[in-house]
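Below, each chain spelled out in residue letters.
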Amino acid sequence: SASEGLEDVFAWEGETLLLSPAPAEEDVVCAWYGHPTDPARRVDITTDVRQIVRAAGLGAAAPGEVAVASTNNRWGDPAFLVWKALTVRLRRPRVGAAACRP
C-alpha cells in the first residue's frame with residue numbers, strides 16, 4: 001500500500017542481525033544468507049527467519065528487537081571461501097505516512 005515501504009536489513013558473516021523494532025512475522029518479505037552479489041550462491045532462509053520472529057513474539061511482552069545470527073553454523077556455507085551476508089527484507093510503514101493531522 002501507499003503507507004508501506006520495503007527495508008533491507010543486512011549483517012556480515014559472524015555478526016548478529018538485529019531487527020528493531022521487532023517486525024511482525026508477516027512483514028518478513030524474504031531473507032537470504034550467502035554470497036553478497038551472486039544469488040545462485042545463497043540460501044533462502046525466509047521461513048526460518050519468520051519462525052525466529054514468531055518465537056520471539058510469543059513471550060509475555062512483545063520484544064523490542066529480534067536477533068538473527070549470521071553464521072555458517074546456523075545456515076550452512078553456500079559460498080565457500082567467500083565472506084557471506086545475511087539480508088532480511090521487511091515491509092515497514094513509511095515514516096510520516098500515517099501521521100495524524102489535526
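To be clear, the structure that these remarks concern was listed above.
A quick note: this is a predicted structure, and the numbers were derived from the prediction, not measured. Along every chain, residues carry numbers that run from 1 in the direction the sequence is written. Where totals are concerned, whole chains, interfaces and linings use all residues; where local detail is concerned, this predicted model gives features only for residues with pLDDT of at least 70, and gives and counts side-chain atom pairs only at 80 or more. In computing side-chain values, all of the structure's heavy atoms are included and hydrogens and water are not.

Q: Before we move on, could you go through the nonpolar core and cite the residues and values that matter?
A: In plain words, nonpolar cores are sets of buried Ala, Val, Leu, Ile, Met, Phe, Trp, Tyr and Cys residues tied together by side-chain atoms within 4.5 Å. Relative accessibility thresholds used throughout: buried, under 20% of the residue-type maximum; exposed, over 50%; partly exposed, between the two (1.4 Å probe, protein chains only). Ranked by size, the top nonpolar core spans 16 residues in total, and within it Leu17, Leu19, Ile45, Val49, Val68, Leu86 and Val88 carry the most contacts. The helix and strand labels rest on DSSP assignments: H or I over at least four residues marks a helix, E over at least two residues marks a strand, and numbering proceeds from the N terminus. When residues of this core are traced back to their parent elements, those giving at least two are strand S1 (4-12), strand S2 (16-19), strand S3 (28-34), helix H1 (46-56), strand S5 (66-69) and strand S6 (85-93). Residues are treated as being in contact if the distance between any of their heavy atoms lies within 4.5 Å. Aside from chain neighbours lying at most four places away, what touches Val88 is Glu7, Asp8, Val9, Leu17, Leu19, Val28, Cys30, Ala31 and Val49.

Q: Could you give me a rundown of the sheet that holds strand S4 (residues 42-44), with the residues and numbers involved?
A: In short, DSSP must find at least two bridges between two strands for them to pair. Ordered by their spatial adjacency, four strands build an open sheet running S1-S6-S3-S4, and the pairing between neighbours is antiparallel. A single partner strand is all that each edge strand has here, and the edge strands are S1 and S4. Geometrically, the sheet is characterised by an average inter-axis angle of 20° between neighbouring strands, direction not taken into account. Relative to S6, S3 is paired through six bridges, and the arrangement is antiparallel. For Val28, the partnering residue across the bridge sits in S6 and is Leu90. Packing of H1 onto the sheet brings it into contact with S3, S4 and S6, and relative to S3 it is tilted by some 120°. Only the contacting stretch of a helix is used when fitting its axis, a line to C-alpha atoms as for every element, and angles between N-to-C directions run 0 to 180 degrees.

Q: Which residues make up the pairing of S6, and what values do they have?
A: Sheet topology note: the S1/S6 ladder contains nine bridges and is antiparallel. The partner of Ala11 across the bridge, within S6, is Leu86.

Q: Got a sec to walk through the pattern of salt bridges? Specific residues and values, please.
A: Take a side-chain nitrogen of Lys or Arg and a carboxyl oxygen of Asp or Glu: if they are within 4 Å of each other, that pair is a salt bridge. Throughout the structure, instances matching the rule amount to six salt bridges. Between Glu7 and Arg92 there is a salt bridge; the shortest N-O distance is 3.0 Å. Linking Glu7 in strand S1 with Arg92 in strand S6, this pair joins segments that are 85 residues apart in sequence. A cluster of three or more residues bridged by salt bridges with shared partners is formed by Glu13, Asp77 and Lys84.

Q: Go over the packing of aromatic side chains, please, and point to the residues and values.
A: Classification of ring pairs rests on two measures: the distance between centres of Phe, Tyr or Trp rings, Trp counted by its six-membered ring, which must be within 6.5 Å, and the angle between planes, read as stacked under 30 degrees, edge-to-face over 60 and tilted in between. Tallied over the entire structure, the rule returns one aromatic pair. With a centroid separation of 4.9 Å and 85° between ring planes, the pair formed by Phe10 and Trp12 is classed as edge-to-face. The side chain of Arg42 reaches across the aromatic face of Trp32, ending 3.6 Å from its centre. Only Lys NZ and Arg CZ are tested; either one counts as a charge over a ring when it is within 6 Å of the ring centre and within 35 degrees of the ring normal. Over the aromatic face of Trp75 sits the side chain of Arg74, whose NZ or CZ is 4.2 Å from the ring centroid.

Q: How would you sum up the pairing of S3? Please name residues and give values.
A: Burial within S3 is extensive, with five of its seven residues counted as buried. As paired strands, S3 and S4 are joined by three bridges and run antiparallel to one another. Each residue of the ladder has a partner; that of Tyr33, found in S4, is Val43.

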